[in-house]
Structures are given as structure tokens and as C-alpha cells.
Amino acid sequence: MANLNIDSVKQRTYDAIVIGSGISGGWAAKELTEKGLKTLVLERGREVKHNRDYPTTNMMPYEFDHRGEVPLEIREKEPVVSRCYAFREDAMHFFVKDSEHPYVQEKPFDWIRGYQVGGKSLLWARQTQRWSDLDFDGPARDGFAVDWPIRYKDLAPWYSYVEKFAGISGNNDGLAELPDGDFLPAYPLNSVEDYFKQKLKANYGNRHVISARCAHLSKPNQVHLDQGRGQCQNRTLCQRGCPFGGYFSSNSSTLPWAERTGNMTLLPFSVVESVIYDEKAGKATGVRVIDANTKEATEYYAKVIFVNAAALNTNHILLNSTSSRFPNGLGNDSGVLGKYVAFHNYRARISAEYDGLLEYATDGRNPAGGGYIPRFRNLHKQETDFLRGYAAGFSANRYKGEDRSGFGEDLKRQLLNPSWSNWKVGSHMMGETIPKEENYVSLSADKKDAWGIPQLNISVGYDDNDEKMVKDYIEQMTEMFTKAGFTNIRANDSKQAPGLDIHEMGGVRMGHDPKTSMLNKYNQLHACQNVFVTDGACMTSTSTQNPSLTYMALAARAVDYAVSELKKGNLS
Ligand SMILES: Cc1cc2nc3c(=O)[nH]c(=O)nc-3n(C[C@H](O)[C@H](O)[C@H](O)COP(=O)(O)OP(=O)(O)OC[C@H]3O[C@@H](n4cnc5c(N)ncnc54)[C@H](O)[C@@H]3O)c2cc1C
């Protein structure tokens, strides 16, 4: 039964509501509160306070019951989340368990989620690249999806804005396909990563290895110290939560900043069931929330609502927000809500060895993960039989190991004198997938979750374009590795299900035309103008770059617009 006590309506009324406290919601909260709006942040998961709630952050390997591994019974019970590389004993408390939050897989889809204050910002790998006009122009130029209603110039100042605050390490590499930014010093490539960079330069005109750009404080500025964050200590234990605030998360950065304004109310354990639409007023008036523990329903009201629950969750909420004006989901006049979902194709990997440069070794850890190869296929002309292209990670390492054979004195001597391996090199692909109507999410007709909300039905798959891209990546990387003199080259197509890339996007796409898109150029629902969507759901296409930096920039830009519209009286 909804809590509709009139006296408390005032107490439940805010200037703005933000749904979700992860990467994009954290940014929306920071911007709204800094601009003076009393803002309610609704988060379905539990509170996770920076530092206080990072229980494993300083644990030694021997302090874990299973030395960091996930026990078999958990792997068997939670098969989807167990496939994520970061779901390990030290961080598994930050992941959603499949068994607790079921969904319907019309096609196999590994949906990896983090339901807590901070969302997946605690878990992400922090790779942060800007998009270029090759990405924003892409759908129009290559004839798929709909045209983006924005171009790089619209977002460039907002990329700078969020980079400066979040702290992104990287070099200005002067590449049109990967615009430069406002960076902290880059983590340098090691000798073999740099060697491969030189080899690509010598053998190809347009293939580059750059230092991966990463949301780490390699050298903090005052604005980072003001957030209470300090220099990254290169521990590479990031998914436990960083006690130094060395990497960007909502918990270490945007949420405490918003809290300090005095304008934020953060309510954990608040599952947003739907957005409330007022037919007479012709706008959304608030949201309906179910208490995650008591299951009691409450309504909260605001002039403006930001939906930042993560791409598919945002689709879920909007699909579940029905009214006689919007029987198929809020703002869904076009019928495209839930459709044109896309993701990144991470299926292929390649590894090899290198016996040169043995006078060098890797020393210490690189939180940025090594090198990044920006997209080089179909950049300026169509040159393959598939659309778009892929970026790739590239890293090289040497490992110190002991010869563990033998017994007694010999074994002891061997263990005390470990020796370096040769170089092991590896790469993985990050391919753009094409948004298609047949890749969609919808509400299950018969299955509900523990809060009485219809489960999300996911029907997303690969297509022929993706298959061709996997083949091309393997061929091209094999050629590049061969030219670099790498040996023992082994390529692998994991055939992993979509979702494991954790870059799902779309369903509430931006576009010029309300007949074919949900959001305008300011991430505002065409048909319900006081609702904004600035997480991955808004993405018209996916590019090859990791997406979260773009969500941050879109969120900050949309808040700026929303607040100026509010001041003009256009949203009330
Ligand atoms: C292991 C891993 C590595 C990754 N690496 C990278 C990377 O290198 N670079 C990159 O760009 N991205 C990376 N990502 C993806 C990145 O984490 C996401 O793109 C990003 O967190 C999305 O931000 P968001 O705000 O949309 O969602 P989230 O950060 O997931 O936050 C959404 C929040 O909304 C809450 N929520 C959901 N439903 C409701 C509801 N009904 N009511 C109330 N609250 C709700 C959730 O609990 C959550 O806290 C990675 C993710 C993982 C897990």
C-alpha cells in the first residue's frame, strides 16, 4: 500500500530526483546539488561509504579464506556473475548475485550488475577515452541506427569538465580518431609495449599503441585533494575500493562532493519501481519507490527527474512506467523504447611471446593496464566487408618464477633464486556492435522479482557483422604480432555471450526525430520534458571506446541544460 500521507508529501518533495548513484547518477547528483537544487538520490542497494565500507581493501592474500578464489558452490549457484573476471573473493560483495536478482534470458546474456551506493563505479576498470566525430557521425555516414543529435564539439567542453574533476591519466596523442583531453601524467608504456608501438608505426600508417587513458590520480591536482583523494599508489587492488581514492568512483568523488553542498539526500534500499506521470500536467511528478527490505511503497516528488539506473535498469524503469497517456512505457510514443540495444564485442583475444629486450623487465604495477590500440579499421573509408571497427588492449609483462621441481637443498636454492620469464604479450578486442531493432529488452509477461516488479526480458545477440569483425581482429593482430617478431601466437574466440563486456547501451536512444528516438540532444525525453536519461540507455551507437566517460560528460551537460530550463520556467 503506497504511503500517501498528505502531511508528509511536502517532506517527500524535492527540486530534483536522481535514480541510481553509480557513475552517471553520481555526476547528476554533484551537478544538481552544486547548482543549488535540493536533490534526492534514490539507490536500490545498500550504503557503501568511502573507506568505511571497503572491508577487504587492506587484506593480505593469506587472510582470505580461499586465497582470493571464488568457492565452487558460489560459482555453481551464480554462474553468470562468476564469469566476470573481477568477481573474485576480494570484491564479490560488490556484485549482484544472479540468484537474488533474476532476469529472463530470451537469448544468453551475462548481465553484470552492482547494486549499492556507487553502483559499478567501485568495480570498473577505469579506462576512459573520448569519442570523436568518427563516432558521432558514424550512424549517418555508415547508414545504420539514427543520426546522433550531437557532434564532438557539443561534448568537447564537457569532456574537459569531467576529466579535470575525475582525474584522467593519459597523453595527448594527436589522433583524430581519439581526441586529446585534459590529462594528468600518463602511466608510461614498458619497453616491449613501446617496441610494439614503434613496429606498428614502421609497418602501418594508421595503427598506434598509446598509453591507456585511465581514471587514476597519477599526480593529483588541488581539486582532487579537495575531494579528499590522494595519489594512486599503484596497488592494482582497485575493485576492493581504494582507501586513497586513487581512482575515480562515485563513492570517493562525486557523492561526497554533492553531500558537502548540504543539498543531497541519499536514500539507499530504495527500489524505484516507476516514474509517475501526471496526465493533466503533462509531465512527470515523481517516482514510486519500494523499500528493498520492508517492501513498503512510497512516492517522492520533484520538478525534474534524472534516470541513471544503468542502461538496462533504466529501460526497465521506463518500460514499467505506464499510464493511459503512455501505455507502452514513459515517453514511448515512437515504440522504440527497449529496442536498438547494443554492446561491445570482446570475444577475441590473442597472446604470444617475445624473446627480445630481455635486458629489461617489468617493475611495479601499472593501474592503467598497459597500452591501447585505437580503432584503425574503416576509419576514413570502408575497407572491409563489415561495418565500423574495433579498438584493442595491448600489454606486455615478464614474470618472476621459480623452478619448483626436485627436492631438498636443490629445491630450496631454486625457490630462493627465481628467474625472469621471457616477455608474454596479449591483446583483446573491443568491437563496435550495430544497434538493431531485434536486439531489445522488454517486461516479462509472467515473471516478477521479489519486489513485485516484472522481470526484465533480454533478447540481445551477435550478428554476421560481429562474426566478420572477430575474424578480422584475429587476422590483423596475428599479422601485427608476426611483423613484430612475436612467437607462439595463439588466438582465441571465447564466443562469450553479450553482456560480459559490461558496456550494454541503448534502448532509450537520442535522436533528432521523436518518431524514431526517445531523447533529444539534451538527453530529455521528447514526450516528457522533465525526465532526463544520461546513462548508457541514451546511446544511439556504441563506438569502440569504453563508454563511461561519455556518460559523465552527457550527465553534466544535461544537468546544465535542465537547470537553465527550470530557471526559465520551461520545465514546471
Ligand atoms: C568489472 C568491470 C569493468 C568495467 N570497466 C570499465 C572501463 O574500463 N571503462 C568504462 O568506461 N566502463 C567500464 N565498466 C562499465 C562501467 O562500470 C559502467 O559503464 C558504469 O558504471 C555505468 O554507470 P551507470 O551510472 O550507468 O551505472 P552504475 O554505475 O551501474 O550505477 C547504477 C546504479 O543504479 C542503481 N539502480 C539500478 N536500478 C535501480 C532502481 N530500480 N532503483 C534505484 N536504483 C537503481 C544501481 O544499484 C546502481 O547503484 C566496467 C564495469 C565492470 C563491472
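Being a predicted model, the structure only gives us computed values, none of them experimental.

Here is what the cut-offs are and how they apply
Residues numbered from 1 in each chain as written. Predicted model: local features only at pLDDT ≥ 70, side-chain atom pairs only at ≥ 80, totals over all residues. Heavy atoms only, no water. Axes fitted to C-alpha atoms, helices over the stretch in contact; angles between N-to-C directions. Helix = DSSP H or I, 4+ residues; strand = E, 2+ residues; numbered from the N terminus. Parallel < 35°, antiparallel > 145°, perpendicular 65-115°, else oblique. Contact = heavy atoms within 4.5 Å. Nonpolar A, V, L, I, M, F, W, Y, C, P; charged D, E, K, R; others polar. Core = buried A, V, L, I, M, F, W, Y, C linked by side-chain atoms within 4.5 Å. Buried < 20%, exposed > 50% of the residue type's maximum accessible area, 1.4 Å probe, protein only. Near = heavy atom within 4 Å. Polar contact = N/O pair within 3.5 Å; in protein donor to acceptor, adjacent residues only side chain to side chain. Areas by Shrake-Rupley, 256 points an atom, 1.4 Å probe, with all protein chains shown as cover.

Caption draft 1: Region of the structure containing the packing of helix 7 (residues 191-203) against helix 12 (residues 464-483). Look at helix 7 against helix 12: their axes get within 9 Å of each other, and the N-to-C directions meet at 105°. If you check the angle between helix 7 and helix 12, you find them roughly perpendicular. In contact with F196, K199, L200 and N203 of helix 7, helix 12 contributes M480, F481 and K483. Among the residues making up the contact of helix 7 with helix 12, the classes are represented as 4 nonpolar, 1 polar and 2 charged.

Caption draft 2: Geometry of the nonpolar core. Membership of the largest hydrophobic core comes to 94 residues, with the highest contact counts inside it found for I19, V275 and V287. Among the elements that make up this core, the one with the highest residue count is helix 6 (residues 152-166) (8 residues).

Caption draft 3: Broad picture of unusual backbone geometry. In this model, K295 sits at a positive phi of 70°, which is unusual for a non-glycine residue. In this structure K295 comes out as partly exposed when scored by relative accessible area, which is 45%. Notably, I502 is not glycine yet its phi reads approximately 60°, a positive angle. Classification of I502 as partly exposed rests on a relative accessible area of 21%.

Caption draft 4: Region of interest: the site of the ligand. In the vicinity of the ligand, 38 residues are found, and the nearest of them are S24, E43, A125, V272 and S548. Note that an oxygen atom of the ligand is positioned 2.6 Å from one of the side-chain N or O atoms of E43. A309 places a main-chain nitrogen or oxygen 3.4 Å from an oxygen atom of the ligand. Here the ligand has 990 Å² of accessible area as a free molecule, and 97% of this is covered by the chains.

Caption draft 5: Examining the environment of S160 more closely. Looking at the secondary structure, you find S160 in helix 6. Each C-alpha atom, one on S160 and one on D180, is 9.6 Å from the other, the two residues being 20 residues apart in sequence. What S160 contacts, discounting residues up to four positions off in sequence, is R130 and D182.

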